[in-house]
Amino acid sequence: MDQTKVQPLDPEQKNNSKVQIQLHTLPSNIQFAGRIVFHNLKELELGALLWALTWGNNQQLRHGLGMGKSFGFGQISLALDYSKCKFFPNDPVKNLSSSSEQVESWMDLFTEHMKHATQKQEGKDWNCTTQLLNLLAMADPDSATRLPKKMELRHMSLSKKEFTESKKEQKGQLVLADYAIASGRCKPENWHPPQGTAVRKETPKVTPNEQQWSGARVTYNKNSEALTVKKDNQEATASQPEGKKLFNTLPQDLRKKIETNQFVKVKAIVSGKILIGVELDSPPENTKKE
C-alpha cells in the first residue's frame with residue numbers, strides 16, 4: 001500500500017458530491033475461499049483457465065478486483081487448493097487426478113500451444129511477445145518501484161485541470177513508455193513491436209533518392225522471404241531478411257491474402273530497384289482474388 005496515493009480534495013471539490021466517493025477497504029493479507037464450476041472444457045482450455053488464474057503458478061503476480069485499482073487497492077493472488085479440486089472427464093473410463101502435477105501438465109499444454117501459435121504468426125516465443133511482457137509487468141506490484149523518476153503513475157489532477165490541458169498537447173507527446181521496458185522487465189534492445197498490426201498511419205518521408213509508388217501490386221515469396229512490388233512495368237524487391245520484416249509489418253489478414261496470391265495494393269517506398277518500405281494504400285476489403 002506504499003504505492004497508494006489518493007488525491008486530497010480541494011475546497012471546490014469538497015462541496016461537490018459528484019466527484020466524491022467512499023471506499024471501505026479490507027485489511028491486507030485477508031483470505032477468501034471460493035470455487036469455479038466449469039463444463040465441457042478441453043484439456044488445453046482448462047490449462048488456459050488455470051494459467052490465467054494463477055499466472056502460471058507465479059506467486060509474485062497479482063490480479064486486480066473491485067474499486068480503487070488505479071490507487072493500488074484490490075491486489076489479490078489466487079492459489080488452488082488441490083485437496084478440494086475435482087475433475088470429472090466426459091469419458092468415464094478415464095481417471096483424472098487433482099494433483100499439482102496434473103494441473104501443471106494442463107497449463108503446460110496451454111503454454112506450448114501459445115508458443116507454437118506466436119512462433120508461427122510472429123516468429124517469436126510467446127514469452128517474448130510484447131503483449132505478454134507488458135501484461136506480466138503490469139501484474140507485478142514491484143514494477144511500479146522500478147519506474148524512471150520522470151514516469152510517475154498517478155491520476156491527473158482535477159484541480160489543475162490536467163486532463164483538459166492534455167487534450168491540447170500534440171498527439172503522441174503524453175504516451176507512456178511500454179511498461180515492460182520502463183519497469184526493467186525487458187531490455188530495450190530486446191524489444192520488438194507486435195507484428196501484423198504495426199501499420200504506419202502517416203505517410204513516410206521520401207528522400208530525393210527514393211520514390212513513392214501508390215497502388216503497387218505486392219507479392220511475397222515464402223521460400224526466399226523476398227517481398228516484391230510492381231508498378232507500371234517497374235519492380236522493386238526487399239530480399240531476406242528485410243523482405244520478411246516488411247511483410248510482417250502488414251496486418252495479419254492482409255498477409256494471408258498476399259500469401260494466397262490475391263491482388264493487394266500497397267503504397268511502396270523504393271530506391272532504385274530496392275524496396276525499403278510499405279504501407280496500406282487502400283482498405284483490405286477492397287482486395288480481390290486474381
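Our subject is the structure that appears above.
Residues numbered from 1 in each chain as written. Predicted model: local features only at pLDDT ≥ 70, side-chain atom pairs only at ≥ 80, totals over all residues. Heavy atoms only, no water.

A.B. asks: Please set out the overall build of the protein chain residue by residue, giving values where relevant.
C.D. replies: A tally of helices and strands in the protein chain yields eight helices and nine strands. When contacts within the protein chain are restricted to residue pairs at least 6 apart in sequence, long-range pairs at least 24 apart make up 59% of them. A total accessible area of about 20,700 Å² is found for the protein chain, and carbon and sulfur atoms account for 51% of it. (Helix = DSSP H or I, 4+ residues; strand = E, 2+ residues; numbered from the N terminus. Contact = heavy atoms within 4.5 Å. Areas by Shrake-Rupley, 256 points an atom, 1.4 Å probe, with all protein chains shown as cover.)

A.B. asks: Give a description of unusual backbone geometry that names residues and reports values.
C.D. replies: Positive phi values are uncommon outside glycine, yet N57 reaches one of about 65 degrees. Among the secondary structure elements, N57 is positioned in the loop between α2 (43-54) and β1 (63-64). Note on N57: relative accessible area 30%, which makes it partly exposed. Phi at N261 is positive, roughly 65 degrees, even though this residue is not glycine. (Buried < 20%, exposed > 50% of the residue type's maximum accessible area, 1.4 Å probe, protein only.)

A.B. asks: Please provide a residue-by-residue account of the packing of aromatic side chains, values included.
C.D. replies: Under the defined criterion, the tally for this structure stands at seven aromatic pairs. Taking 6.4 Å as the distance between ring centres and 35 degrees as the angle between the ring planes, the aromatic pair formed by F38 and F87 counts as tilted. In this pair, F38 sits in the loop between α1 (11-14) and α2 while F87 sits in the loop between β2 (75-76) and α3 (100-122), placing the two residues 49 residues apart along the sequence. Exposure remark for F38: the relative accessible area of 35% places this residue in the partly exposed category. By relative accessible area, which is 13% here, F87 ends up buried. Look at F87 and W106: their rings are 4.8 Å apart centre to centre, the planes differ by 75 degrees, and that puts the pair in the edge-to-face class. (Phe/Tyr/Trp six-rings, centres within 6.5 Å; stacked < 30°, edge-to-face > 60°.)

A.B. asks: Tell me what's going on with the pattern of salt bridges, and back it up with residues and numbers.
C.D. replies: Side chains carrying opposite charge are able to pair once their charged atoms draw close together. Under the definition given, this model contains seven salt bridges. E43 is the partner of K94 in a salt bridge, and the nearest nitrogen-oxygen pair spans 3.1 Å. Highlighted residues: K94 in the loop between β2 and α3 and E43 in helix α2, separated in sequence by 51 residues. You can call E43 partly exposed: its relative accessible area is 34%. Here K244 makes a salt bridge to E225, at a shortest N to O gap of 3.8 Å. In this pair, K244 sits in helix α7 (residues 242-248) while E225 sits in the loop between β3 (211-221) and β4 (226-231), placing the two residues 19 residues apart along the sequence. Classification of K244 as partly exposed rests on a relative accessible area of 34%. (Salt bridge = Lys/Arg side-chain N within 4 Å of Asp/Glu carboxyl O.)

A.B. asks: Explain α2 to me, and be specific about the residues and the numbers.
C.D. replies: Because an α-helix packs 3.6 residues into every turn, residues spaced three or four apart end up facing the same way. The terminal C-alpha atoms of α2 lie 16 Å apart, and with 12 residues this matches the ideal 16 Å at 1.5 Å per residue to within 8%. Every buried residue of α2 is accounted for by L46, G47, L50, W51, L53 and T54. One side of α2 carries all its buried residues, which in axial view fall inside an arc of 160 degrees. Where α2 is buried, its residues meet β1, α3 and α4 (130-138). (Expected span 1.5 Å × (residues − 1). Arc of directions from axis to C-beta.)

A.B. asks: Tell me about the side chain of T130, and name the residues and values.
C.D. replies: Within the secondary structure, T130 sits in helix α4. In terms of polar contacts, T130 uses its side chain to reach the side chain of Q131, at 3.3 Å. (Polar contact = N/O pair within 3.5 Å; in protein donor to acceptor, adjacent residues only side chain to side chain.)

A.B. asks: Which residues make up the nonpolar core, and what values do they have?
C.D. replies: With 19 residues, the main nonpolar core has L227, V229 and L275 as its most contacted residues. At four residues, the largest contribution of residues to this core is made by β3. Ignoring any residue separated from it by four or fewer positions in sequence, one finds V229 in contact with W213, A216, R217, V218, Q234, E235, A236, V266, A268, V270 and L275. In this structure, C85, F87, W126 and L132 belong to the second largest nonpolar core, which totals 16 residues. (Core = buried A, V, L, I, M, F, W, Y, C linked by side-chain atoms within 4.5 Å.)

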